[in-house]
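Report on the structure
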Amino acid sequence: MPELLNARVEACYQQAEAFFKRSFPRPRVSLKLRGQKAGVAHLDENLLRFNLQLYRENSEDFLRQTVAHEVAHLIAHHLFGPRIKPHGEEWQLIMRGVYELPPNRCHNYAIRRRSVTRYLYRCQCQDFPFSAQRHALVGKGRRYYCRRCKATLVFTGQQSRE
Ligand SMILES: [Zn+2]
Ligand SMILES: [Zn+2]
């Protein structure tokens, strides 16, 4: 798996080199990033850090989007210097022009939290996972409504763990 990630980094560099018709120094790549961020580009150190757990859980999107996102930060830094905004027009140009990707700032990978129980409620149009606290309030007579269809939310009897 890390080989795929390294190969994608290299492919992103080759695309940028073909596009800008110049070479860029390759970064060091670390997979030791933890927490909520998928990747971080350290501009002065020419270092990319990626979150191995999020990569494992979202490999396809991670390779396509996150790797290009972080590489684009380093490319933008090399081309335009330190004064540009991180997700400004220079970075967006690289995302759109070189990688043909949407210049999304953030990933929406699920972040694993402490496991919690959800109580599934439903109206006529959608499902609502309720917390234990909210489920207990319903037990005490509280009612909740769907804003869209205005129906009362009813417990389905189903629980899930998040
Ligand atoms: Zn970014
Ligand atoms: Zn509804």
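Scroll up for the structure.
In this report, we go over the structure that sits alongside the text. Not measured: the values here are computed from a predicted model. (Residues numbered from 1 in each chain as written. Chains lettered and ligands numbered in written order. Predicted model: local features only at pLDDT ≥ 70, side-chain atom pairs only at ≥ 80, totals over all residues. Heavy atoms only, no water.)

1. Things to note about the packing of aromatic side chains
For the structure on display, the rule yields 9 aromatic pairs. A centroid spacing of 6.3 Å and a plane angle of 85 degrees characterise the contact between F20 and F24, whose relative ring orientation is edge-to-face. Judged by relative accessible area, which is 22%, F20 ranks as partly exposed. Plain terms: the ring middles of Y55 and F62 are 5.3 Å apart, the flat faces sit at 50 degrees to each other, and that makes the pair tilted. Since its relative accessible area comes to 0%, Y55 is described here as buried. Given a relative accessible area of 0%, F62 falls into the buried group. (Phe/Tyr/Trp six-rings, centres within 6.5 Å; stacked < 30°, edge-to-face > 60°. Buried < 20%, exposed > 50% of the residue type's maximum accessible area, 1.4 Å probe, protein only.)

2. Details of the sheet that holds strand β6 (residues 154-161)
Pairing is antiparallel in the open sheet, where 3 strands are placed in the order β5-β4-β6. Strands with a single pairing partner mark the edges of an open sheet, and in this sheet they are β5 (127-130) and β6. Across the sheet, the axes of successive neighbouring strands diverge by a mean angle of 30 degrees, strand direction being ignored. Relative to β5, strand β4 (residues 117-122) is paired through 4 bridges, and the arrangement is antiparallel. Looking at β5, one finds that L120 is bridged to P129. Contacts from helix α5 (residues 132-139) reach β4, β5 and β6, with the element oriented near 50 degrees to β4. (Pairing = 2+ DSSP bridges. Helix = DSSP H or I, 4+ residues; strand = E, 2+ residues; numbered from the N terminus. Axes fitted to C-alpha atoms, helices over the stretch in contact; angles between N-to-C directions. Contact = heavy atoms within 4.5 Å.)

3. Comments concerning the coordination of the zinc ion (ligand 2)
Only C123 (SG), C125 (SG), C146 (SG) and C149 (SG) from the protein coordinate the zinc ion (ligand 2), and they sit 2.2 to 2.3 Å from it. Given 4 donor atoms and angles of 103 to 124 degrees at the metal, the environment of the zinc ion (ligand 2) is assigned as tetrahedral. (Donors = N, O, S within 2.8 Å, 3.2 Å for Na, K, Ca; no water. Tetrahedral: all angles 85-135°; square planar, octahedral: opposite > 155°, others 65-115°.)

4. Details of the coordination of the zinc ion (ligand 1)
Tetrahedral metal sites with four donors have an ideal angle of 109.5 degrees; octahedral sites with six donors have ideal angles of 90 or 180 degrees. H69 (NE2), H73 (NE2) and H87 (NE2) make up the full set of protein donors to the zinc ion (ligand 1), lying at 2.0 to 2.1 Å. For the zinc ion (ligand 1), all donor residues lie on one chain, and their spacing in sequence is H-x3-H-x13-H. Pair noted here: H69 is in helix α3 (residues 59-80) and H87 is in the loop between α3 and α4 (89-98), with a separation of 18 residues, a long-range link.

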